[in-house]
Amino acid sequence: MKRRRRMEILIQENGQLAKKLSATIIDAYECKEILEPQYGLTMIKMRESAKKSLFYIGEVLITEAKVEINNCIGIGIVVGMEEELAKQLAIIDAAYKAELPETITWRGLLIEAEKQNTKERAKKQAELFKTKVSFETMEV
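Residues numbered from 1 in each chain as written. Predicted model: local features only at pLDDT ≥ 70, side-chain atom pairs only at ≥ 80, totals over all residues. Heavy atoms only, no water.

Brief notes about the packing of aromatic side chains
Then comes step 1: Applying the stated criterion to the full structure yields one aromatic pair.
Then comes step 2: The interplanar angle of 65° and the centroid separation of 5.7 Å between the aromatic rings of Tyr96 and Trp106 together place this pair among those described as edge-to-face. With Tyr96 in helix H3 (residues 83–97) and Trp106 in helix H4 (residues 102–130), this residue pair connects regions lying 10 residues apart in the sequence.
Then comes step 3: Exposure remark for Trp106: the relative accessible area of 3% places this residue in the buried category.
Then comes step 4: Looking at Arg6, its charged tip hangs above the ring of Tyr96, at a distance of 3.7 Å from the centre. (Phe/Tyr/Trp six-rings, centres within 6.5 Å; stacked < 30°, edge-to-face > 60°. Helix = DSSP H or I, 4+ residues; strand = E, 2+ residues; numbered from the N terminus. Buried < 20%, exposed > 50% of the residue type's maximum accessible area, 1.4 Å probe, protein only. Lys NZ or Arg CZ within 6 Å of the ring centre and 35° of its normal.)

Pasting the structure below:
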């Protein structure tokens, strides 16, 4: 599983899985905090639809953390003021980079969380479609 997909699953999930996974690593390994969670701003890129060119739409507040496990550095970046989640993501990222044996069992948990995220997103989408107005059927 690629890093981007893994992090998206953990961020979209309610935070319990990231807490659980990072706790297993903290209990078993020495986690050296390189950069404690701190706030920053980052630019958001958008693609203009007509010319297909990239432009910056604005800035967003992020929380960033860096952790080292077995000489491997993990980075956790999340939108908003989420210090704990950023640190947990950094620990999980470092664990994958260090190829720790615990990460092998995480794949199933991540896939299950992804399925749950998809179900919840579909449910919210269905609720939104109930309120959609069809202007083509309205009489003038």
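A closer look at helix H1 (residues 3–12)
Then comes step 1: Looking at H1, one finds that the buried residues are Arg6, Met7, Ile9 and Leu10. An end-on view of H1 places all buried positions within 160° of arc, on one side of the element.
Then comes step 2: For H1, the elements touching its buried residues are helix H2 (16–28), H3 and H4. (Arc of directions from axis to C-beta. Contact = heavy atoms within 4.5 Å.)

Section: the pattern of salt bridges
Then comes step 1: Applying the stated criterion across every chain, the model contains five salt bridges.
Then comes step 2: Across the pair Arg3 and Asp93 runs a salt bridge, and its minimum N-O distance is 2.7 Å. Separated by 90 residues along the polypeptide, Arg3 in helix H1 and Asp93 in helix H3 bring together distant segments of the chain.
Then comes step 3: Judged by relative accessible area, Arg3 falls into the partly exposed class, the value being 38%. (Salt bridge = Lys/Arg side-chain N within 4 Å of Asp/Glu carboxyl O.)

Remarks on the nonpolar core
Then comes step 1: Leu10, Ile25 and Ile69 are the most contacted members of the largest nonpolar core, which has 25 residues in total.
Then comes step 2: Looking at which element gives the most residues to this core, the answer is H3, with eight residues.
Then comes step 3: In contact with Ile25, not counting residues within four places along its chain, are Cys31, Ile69, Ile91, Ala95, Leu100, Glu102 and Trp106. (Core = buried A, V, L, I, M, F, W, Y, C linked by side-chain atoms within 4.5 Å.)

So, the packing of H1 against H3
Then comes step 1: Between H1 and H3, whose axes approach to 11 Å, the crossing angle comes to 150°. Here H1 lies roughly antiparallel to H3, going by the angle between them. The hand of the H1/H3 crossing is right-handed. When H1 is examined against H3, the residues Arg3, Arg6, Met7, Leu10 and Ile11 are found in contact with a partner set consisting of Leu89, Ile92, Asp93, Tyr96 and Lys97. (Axes fitted to C-alpha atoms, helices over the stretch in contact; angles between N-to-C directions. Parallel < 35°, antiparallel > 145°, perpendicular 65-115°, else oblique. Left-handed = near helix turned anticlockwise from the far one by under 90°.)

Re the side chain of Glu68
Then comes step 1: With respect to the helices and strands, Glu68 occurs in strand E2 (residues 54–69).
Then comes step 2: One buried charge, Glu68, has no salt-bridge partner; the nearest side chain with opposite charge is Lys32, at 4.1 Å.
Then comes step 3: Non-local contacts of Glu68, meaning those with residues more than four positions away in its chain, are made with Glu30, Cys31, Lys32, Ile34 and Ile73. (Lys, Arg positive; Asp, Glu negative; His and termini not counted.)

Some words on the side chain of Arg6
Then comes step 1: Examined against the element boundaries, Arg6 turns out to sit in helix H1.
Then comes step 2: One buried charge, Arg6, has no salt-bridge partner; the nearest side chain with opposite charge is Asp93, at 4.0 Å.
Then comes step 3: In this structure Arg6 touches Met1, Asp93, Tyr96 and Leu110, once residues within four positions along its chain are discounted.

Note that every value here comes from positions in space, so none of it alone points to a role or purpose.
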